[in-house]
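If you want the building blocks of each chain, they are given just below.
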Amino acid sequence: MTKPPVFQRFFARPSIFFCFVFFLTFFQIRCLTETVSFESGSFFPYVWVFAFSVLSINISILATQAFYASFVKAVDFPKVNRASIESVPVALLYCVKNETFGLRERIQYTLSGNTLPSLHLWILSDSNENFGTAEEKLIHELQGSYSDVFYRRRSVPQERKQGNIKDWLSKYGASFQYFIVCDADSLLPPGWVEKILQIAEHPKNEKIGVFQSAIYITHESSLFSRMQAIAQFYAQKLYFNVNQVVFGRSIAFGHNCLIRREAFEKIQLPERILSHDNWETALLENLGYRTIFLSDLISFEEASPHYLEERKRSKRWLKGTLQGWPLLFLPNISFSMRFLIFYQIYLYLVQPILCYWIISTLFAGRSFFTVNGGSFLLFAFTLGVLFFHKMVVARNLSDVKRMVQETIFSTAIGLQNIFYGTIDFITMPFEKLGWIPMAKTPGTRLNFSECVENFLGGTLVGLAFLWLGLNLSNAWTLFSLPVLLSLILSIPSVYFSSKNVSKSSYAMVHIKAAA
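The rules we used
Residues numbered from 1 in each chain as written. Predicted model: local features only at pLDDT ≥ 70, side-chain atom pairs only at ≥ 80, totals over all residues. Heavy atoms only, no water. Axes fitted to C-alpha atoms, helices over the stretch in contact; angles between N-to-C directions. Helix = DSSP H or I, 4+ residues; strand = E, 2+ residues; numbered from the N terminus. Parallel < 35°, antiparallel > 145°, perpendicular 65-115°, else oblique. Contact = heavy atoms within 4.5 Å. Pairing = 2+ DSSP bridges. Patch = residues over 30% accessible without salt bridge, like charges linked within 9 Å, V, L, I, M, F, W, Y side chains within 5 Å. Areas by Shrake-Rupley, 256 points an atom, 1.4 Å probe, with all protein chains shown as cover. Salt bridge = Lys/Arg side-chain N within 4 Å of Asp/Glu carboxyl O. Buried < 20%, exposed > 50% of the residue type's maximum accessible area, 1.4 Å probe, protein only. Core = buried A, V, L, I, M, F, W, Y, C linked by side-chain atoms within 4.5 Å. Expected span 1.5 Å × (residues − 1). Phe/Tyr/Trp six-rings, centres within 6.5 Å; stacked < 30°, edge-to-face > 60°. Lys NZ or Arg CZ within 6 Å of the ring centre and 35° of its normal.

Caption draft 1: Just the packing of helix 3 (residues 44-69) against helix 8 (residues 223-247), in detail. In contact at an axis separation of 9 Å, helix 3 and helix 8 are set at 80° when each is read in the N-to-C sense. Classified by the interaxial angle, the pair formed by helix 3 and helix 8 is roughly perpendicular. For the pair helix 3 and helix 8, contact is made by Leu62, Gln65, Ala66, Tyr68 and Ala69 and by Leu238, Tyr239, Val242, Asn243 and Val246, respectively.

Caption draft 2: Region of interest: the sheet that holds strand 3 (residues 149-153). Reading across from one edge, 3-2-1-4-6-5-7 is the order of the seven strands in this open sheet, with mixed pairing throughout. Both outer strands of the open sheet, strand 3 and strand 7 (290-301), are each paired with one neighbouring strand and no more. Across this sheet, the average inter-strand angle for adjacent strands is 25°, counted without regard to direction. Those strands touched by helix 4 (residues 103-112) are strand 1 (90-96) and strand 2 (119-125), and its axis lies near 165° from that of strand 1. Here helix 8 sits on the sheet in contact with strand 5 (208-217) and strand 7, set at roughly 145° to strand 5.

Caption draft 3: Highlighting a nonpolar patch on the surface. A surface patch of nonpolar side chains, about 690 Å² in accessible area, is lined by Phe379, Leu383, Leu386, Phe387, Phe388, Leu478 and Phe479. Among the elements of the structure, helix 13 (373-388) and helix 17 (474-488) are those that each provide at least two residues to the nonpolar patch. Examining the composition of the nonpolar patch, we find that five residues originate from one element, helix 13, more than from any other. Mapped onto the elements of the fold, Phe479 is located in helix 17. Exposure remark for Phe479: the relative accessible area of 51% places this residue in the exposed category.

Caption draft 4: Just the pairing of strand 4 (residues 178-183), in detail. The buried count for strand 4 comes to six of six residues, which makes it a mostly enclosed element. Of the two faces of strand 4, both are covered, the one formed by Tyr178, Ile180 and Cys182 as well as the one formed by Phe179, Val181 and Asp183. Here strand 1 pairs with strand 4 via six bridges, running parallel. Paired with Cys95 across the two strands is Asp183, which belongs to strand 4. Relative to strand 6 (residues 257-260), strand 4 is paired through four bridges, and the arrangement is antiparallel. Its bridge partner being in strand 6, Phe179 is matched across the sheet by Ile259.

Caption draft 5: View of the nonpolar core. Grouped together as the largest cluster of nonpolar side chains are 111 residues, with contacts concentrated most on Tyr68, Leu93, Ile165, Trp168, Phe179, Phe264 and Phe455. The residues touching Tyr68, leaving out its near neighbours within four places in the chain, are Phe11, Ala12, Arg13, Ile16, Phe17, Phe20, Val242 and Val246. Counting 36 residues, the second-largest nonpolar core is a separate cluster that includes Val90, Tyr94, Val96 and Ile208.

Caption draft 6: Main features of helix 16 (residues 448-472). Taking 1.5 Å per residue as the helical rise, helix 16 with its 25 residues ought to reach 36 Å, and the 34 Å between its terminal C-alpha atoms agrees with that figure. Taken as a whole, helix 16 has its buried residues at Cys451, Phe455, Gly458, Thr459, Gly462 and Gly469. Buried positions along helix 16 lie against helix 11 (307-322), helix 12 (335-362), helix 15 (417-427), helix 17 and helix 18 (490-497).

Caption draft 7: Looking closely at the pattern of salt bridges. Counted under the stated rule, the structure contains 16 salt bridges. A salt bridge links Glu310 to Arg313, with the nearest nitrogen and oxygen atoms 3.8 Å apart. Here Glu310 pairs with Arg313, and both are found in helix 11, just three residues apart, close to one helical turn. The salt bridge involving Lys315 is made with Asp424; its shortest N-O contact spans 3.9 Å. Note that Lys315 is positioned in helix 11 and Asp424 in helix 15, a separation of 109 residues in sequence.

Caption draft 8: Quick peek at the packing of aromatic side chains. Per the counting criterion, the structure on display carries 44 aromatic pairs. Between Phe11 and Tyr68, the ring centres sit 6.2 Å apart and the planes meet at 90°, which makes this aromatic pair edge-to-face. Here Tyr68 lies in helix 3 and Phe11 lies in helix 1 (residues 6-11), a separation of 57 residues in the sequence. Neither Phe11 nor Tyr68 differs from the other in exposure class; each is buried. The ring of Tyr289 carries the charged tip of Lys207 above its face, separated from the ring centre by 4.5 Å. The side chain of Arg445 reaches across the aromatic face of Tyr495, ending 4.7 Å from its centre.

Caption draft 9: Quick peek at the side chain of Asn256. Following the sequence through the fold, Asn256 ends up in the loop between helix 8 and strand 6. Since its relative accessible area comes to 0%, Asn256 is described here as buried. What Asn256 contacts, discounting residues up to four positions off in sequence, is Val181, Cys182, Ser186, Leu187, Leu188, Trp192, Gln212, Ser213, Ile215, Ser299 and Phe300.

Don't take any of this as a statement about function, it's just geometry.
Below you can see the structure in the form of structure tokens.
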């Protein structure tokens, strides 16, 4: 284990990180207040500035993370040698439910490159009877090629994946020192199990409960999934790597991770929660066990094939993440962990606040604003951070090209999340909580009528605000045009981005292709 440079050791402290965030936020608020007139006597200017203050926190965090990413190096966790882990009993759990495509190929790929003698495969199924027969056939085929392959299907599923794992632990967990959680779309490259066990078995890492590997996207057959792959690749290079360096911990993703069985059995998850990964991370820390992010250990998963599927997925995550607010007040967890949980909640709250801020700015009136140097400086700083902060992790022109492509794409399609995320937030209390697995078939494409049915409302909203903007404020229209165009052009952009851009057949993808 190599020691990080002195420069990194100084900055890699939460107190220094939050000082940067605080001063950048103060700078933005100071610039904004110089552009606003408070002489009207109403509360609106104060509410408007407060809304911006909430939004500015994220700009400050992104800017600080970008600064850190320009010099920090990934944490090097100590490891034991290979001979020390060959007899360590570990269970590989594939949690599945009504999978129609690719399950055999994914499991075979994972098993073919991870053949430790002490590794046992378990398929934990919550599928209905129609899928049970096919799963039993798959088990029979796997047992013909690999030893220690087991299958368990619950006829009456309760508490989704976390309930299935809990049941398995109560009956079979005592035989294993660790278990690996995989979703049906998980792919673990050759040597993954060996590498992660070598880290877990080192005595200095005995108080780590979850070892979370980086997850990249494979089979990015559509334009949408390809851009998702690029975004996820650089997000983990930047945000998660910096968080691990600064805070010494991470939030678990809920899959593609190794979990210390003895620690995990001590926690008690509440019932009817949708995002169990946040709860597991916090409850384990409450018992003295950290979760870490291993940026150099790569695994794979599928991406949503189109924006409509991603929107459904985000809606589920919204519900599950906001359920985790009690974790902010959990005793015996670090301030860093509270921040990581808060930040996930905050990112969903930002969408309705941003939507309000944009709309209220249109109706504020020309006398509300004054023009000075501070307004231009704030505008340049905000746009610079939003569009260019990820460039700090670019290492060559190919990285820059991919980031530019993804930025253009996320601007064209992703900005409509401001509208739809607000609608989902407002309607969430009136909808029943539920969880439907993501469609995992690469190449799935939307038809045009689906796009019209789901995005016509947003198109009309975008056209209405464009008309209002042209009549009320040309400046507002200019600054809001990216959001308005994202809504107005949502039907064709979503439709064409779901188109299959890859002619290759279903096959395992190397990391460079996936990135």
